[in-house]
Protein chains: 2
Amino acid sequence: MKIVTISREFGSGGRELGKRLADELGFDYYDREIITAIAQAQGMDERYVEKALEGGAWQNVPLTYGRSFALGPVLQSTQTGLLVEQRLVIESIAKAGRDCVIVGRDADILLAAQNPFTIFVCADMDAKVRRCMERAGEGEALSRKAVEQNIKRIDKARARSREMISDSKWGQGGSYHMTVNTSSWDIRELTGAVAGFVTRWFSRAR
Amino acid sequence: MKIVTISREFGSGGRELGKRLADELGFDYYDREIITAIAQAQGMDERYVEKALEGGAWQNVPLTYGRSFALGPVLQSTQTGLLVEQRLVIESIAKAGRDCVIVGRDADILLAAQNPFTIFVCADMDAKVRRCMERAGEGEALSRKAVEQNIKRIDKARARSREMISDSKWGQGGSYHMTVNTSSWDIRELTGAVAGFVTRWFSRAR
């Protein structure tokens, strides 16, 4: 079984790269599917799970999210509880034994025993801000400064989440097999280059 | 003209990767040649130039290195002076207009206007220590601890040298187009994977 994990800075295009990479390699793709599975297992609203796992935003999530019968589990749950569920979901993906690309969720750490190829995707701040502003809907026009602050906040939470389960530092080159900066690429062309690299790694002599 | 720069952690195998990459791509290769050129221009001993550019070791270099007629320049020169000379040498390589791989010497920063493809090469500490111990001659048997300290000292000096001329941080993913961790590779196989990636970058649509 071949697993590729994608960790990424917010706004770097890592999710798009992961999706395209899965298509190009013919691998399964997991991203939001993980949130959905956690939400179903815990009887919670997906948005609630997503926000809670973002960590930094924990305090800002109203407890009225979710269906009313889920109020019990909601009140009992903690971010830690959701992280346990996340681990179970990711381990079940690995147990299925199919080649896959997993975006985010510290899958590189959680599946270390399966020896995944681990990628970190980053970009220059200007490029990240531009991508976020393009992605935002018309009603969500934000200042450049607000977008940059949001990027930093989310990435900080991602780094913290990783630090809860690993000594290896989020975003540092040595923590991954490969780090790519998307700023000078069209993501479609980058996908081809990464796919070639990944394929070489899985077929290397060991 | 296509330029590839290799920055690297000490002991990561970055130099070997750079040499093999130049061979595979059919590019010129610059590494010690730069030290030689600086030493010749300044009328200094190569080892003196190398130690001085390492930075951290500056105070430990006896001024008696070098041929006696070079004593004048030796006394006048400072690390800053050598860095100026280094910049001139690297710029002259770029002016020659030939495709090349340049290892170290902050060439990625110095040649930013030529839009080089910039690679950072890292490895797990265990792998770096092993590589350094294998490389050491019989008479230089060092403890693991001493080797690790040496790696950290040299990398710290490299980071400092970069900070003198750039805001972009040494060793951080976002400072380079690509970062590779050599730990799980045979360098020959990694060279093929990197060559493929680099070739895609130079032929991408712009």
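Residues numbered from 1 in each chain as written. Chains lettered and ligands numbered in written order. Predicted model: local features only at pLDDT ≥ 70, side-chain atom pairs only at ≥ 80, totals over all residues. Heavy atoms only, no water.

S.K.: How would you sum up the state of the cysteines? Please name residues and give values.
M.R.: Here the structure, examined in full by the defined rule, presents zero disulfides over all chains. For the unlinked cysteine Cys122 of chain A, the closest cysteine sulfur is that of Cys122 of chain B, found at 12 Å. (Disulfide = S-S within 2.5 Å.)

S.K.: Could you give me a rundown of the interface of chain A and chain B, with the residues and numbers involved?
M.R.: How big an interface is tends to be stated in terms of the accessible area lost upon association of its parts. Across the boundary between the two partners, chain A contributes 24 residues, which contact 24 residues of chain B. Here chain A and chain B share an interface that buries about 2000 Å² over both sides, 55% of which is from carbon and sulfur atoms. If you look at where chain A meets chain B, you find zero salt bridges. There are eleven residue pairs in polar contact (both at pLDDT 80 or more) connecting chain A and chain B. Within the residue set of the side of chain A that touches chain B, elements represented by two or more residues are β5 (178–181) and α9 (187–202) of chain A. In terms of residues, the side of chain A that touches chain B owes the most to one element, α9 of chain A, which gives eight residues. Bridge analysis of β5 of chain A against strand β5 (residues 178–181) of chain B gives three bridges, and the strand direction is antiparallel. Of the residues in β5 of chain B, the one forming a bridge with Val180 of chain A is Met178 of chain B. (Contact = heavy atoms within 4.5 Å. Buried area = accessible area lost by both parts, 1.4 Å probe. Salt bridge = Lys/Arg side-chain N within 4 Å of Asp/Glu carboxyl O. Polar contact = N/O pair within 3.5 Å; in protein donor to acceptor, adjacent residues only side chain to side chain. Helix = DSSP H or I, 4+ residues; strand = E, 2+ residues; numbered from the N terminus. Pairing = 2+ DSSP bridges.)

S.K.: Describe the pairing of β5 of chain B, with residues and values.
M.R.: Residue and element names in this part refer to chain B. Of the two faces of β5, both are covered, the one formed by Met178 and Val180 as well as the one formed by Thr179 and Asn181. In the sheet, strand β4 (residues 117–122) pairs with β5 via four bridges, with the strands oriented parallel. Considered in β5, the bridge of Cys122 is made with Asn181. (Buried < 20%, exposed > 50% of the residue type's maximum accessible area, 1.4 Å probe, protein only.)

S.K.: Describe in detail unusual backbone geometry, supporting the description with residues and values.
M.R.: For Asp106 of chain A, which is not a glycine, the phi torsion comes out positive at approximately 55°. The class for Asp106 of chain A is buried, based on a relative accessible area of 11%.

S.K.: Please set out the sheet that holds strand β2 (residues 28–30) of chain B residue by residue, giving values where relevant.
M.R.: Pairing is mixed across the open sheet formed by ten strands, whose spatial order is β2(A)-β3(A)-β1(A)-β4(A)-β5(A)-β5(B)-β4(B)-β1(B)-β3(B)-β2(B). Single-partner strands in this sheet number two, and they are β2 (28–30) of chain A together with β2 of chain B. When the angles between neighbouring strand axes are averaged without regard to direction, this sheet yields 20°. Alignment of strand β1 (residues 3–8) of chain B against strand β3 (residues 100–103) of chain B, held across four bridges, turns out to be parallel. Residue pairing in the sheet places Val4 of chain B in a bridge with Val101 of chain B of β3 of chain B. α9 of chain A contacts β1 (3–8), β4 (117–122) and β5 of chain A together with β5 of chain B of the sheet and is inclined by roughly 155° relative to β4 of chain A. (Axes fitted to C-alpha atoms, helices over the stretch in contact; angles between N-to-C directions.)

S.K.: For the pattern of salt bridges, give the residues involved together with the corresponding values.
M.R.: On inspection of all chains with the given rule, the structure shows 32 salt bridges over all chains. Within this structure, Asp126, Arg144, Glu148 and Lys152 of chain A form a network of salt bridges that share partners.

S.K.: Describe the relation of the copies chain A and chain B, and please don't skip the residues or the numbers.
M.R.: With an axial shift of 0.0 Å and an RMSD of 0.0 Å, the rotation relating chain A to chain B amounts to 180°. Look at the turn and shift together and you get a two-fold axis relating the two. Residue Thr179 of chain A, judged by its C-alpha, is the member of chain A lying nearest the rotation axis, at 2.4 Å. (Least-squares fit on C-alpha atoms with pLDDT ≥ 70 in both.)

S.K.: Kindly report on the nonpolar core, identifying the contributing residues and their values.
M.R.: Formed by 48 residues in total, the largest nonpolar core has its most connected members in Ile119, Val194 and Phe197 of chain A together with Ile119, Val194 and Phe197 of chain B. Among all residues touching Val194 of chain A, those that are not within four sequence positions of it are Leu17, Leu21, Ile119, Met178 and Val180 of chain A together with Phe197 of chain B. Core analysis: the next-biggest nonpolar cluster, separate from the first, contains 22 residues, Ala52, Leu83, Ile93 and Ala107 of chain B among them. (Core = buried A, V, L, I, M, F, W, Y, C linked by side-chain atoms within 4.5 Å.)

S.K.: So, the packing of α9 of chain A against helix α9 (residues 187–202) of chain B: which residues are in play, and what are the values?
M.R.: Between α9 of chain A and α9 of chain B, the shortest axis-to-axis distance is 9 Å and the interhelical angle comes to 170°. One finds that α9 of chain A runs roughly antiparallel with respect to α9 of chain B. Where α9 of chain A abuts α9 of chain B, its residues Leu190, Gly192, Ala193, Val194, Phe197 and Arg200 of chain A lie against Leu190, Gly192, Ala193, Val194, Phe197 and Arg200 of chain B. Across the contact of α9 of chain A with α9 of chain B, the residue classes tally to eight nonpolar, two polar and two charged. (Parallel < 35°, antiparallel > 145°, perpendicular 65-115°, else oblique. Nonpolar A, V, L, I, M, F, W, Y, C, P; charged D, E, K, R; others polar.)

S.K.: Please provide a residue-by-residue account of the confidence of the model for chain A, values included.
M.R.: Residues and elements named next belong to chain A. Of the residues in chain A, 87% reach a pLDDT of 70 or more, and the chain-wide mean stands at 86. Under a pLDDT of 50 for its full length, residues 56–76 has, in the predicted model, 27 contacts with residues more than four places off or in other chains. ipTM for the predicted complex: 0.85, alongside a pTM of 0.87. (pLDDT = per-residue confidence, 0-100.)

S.K.: Outline the side chain of Ser166 of chain A, supporting the account with residue identities and numerical values.
M.R.: With respect to the helices and strands, the residue Ser166 of chain A is situated in the loop between α8 (144–165) and β5. A distance of 2.9 Å separates a polar side-chain atom of Ser166 of chain A from the backbone nitrogen of Ser168 of chain A.

S.K.: Explain the environment of Asn115 of chain B residue by residue, including any values.
M.R.: Residue and element names in this part refer to chain B. As for its position among the elements, Asn115 is in the loop between α6 (107–110) and β4. Overall, the relative accessible area of 38% leaves Asn115 in the partly exposed class. Residues Asn115 and Ser161, spaced 46 residues apart in sequence, show a C-alpha to C-alpha distance of 21 Å. Contacts of Asn115, omitting those with residues within four sequence positions, involve Trp201, Arg204 and Arg206.

S.K.: Could you give an account of the packing of helix α7 (residues 125–135) of chain A against α8 of chain A, naming the residues involved and the relevant values?
M.R.: Residues and elements named next belong to chain A. It is at 10 Å that the axes of α7 and α8 come closest, and there the two elements cross at 105°. One way to sum up the angle between α7 and α8 is to call them roughly perpendicular. Here Met125, Asp126, Lys128, Val129, Cys132 and Met133 of α7 come into contact with α8, specifically with Arg144, Val147, Glu148, Ile151, Lys152 and Asp155.

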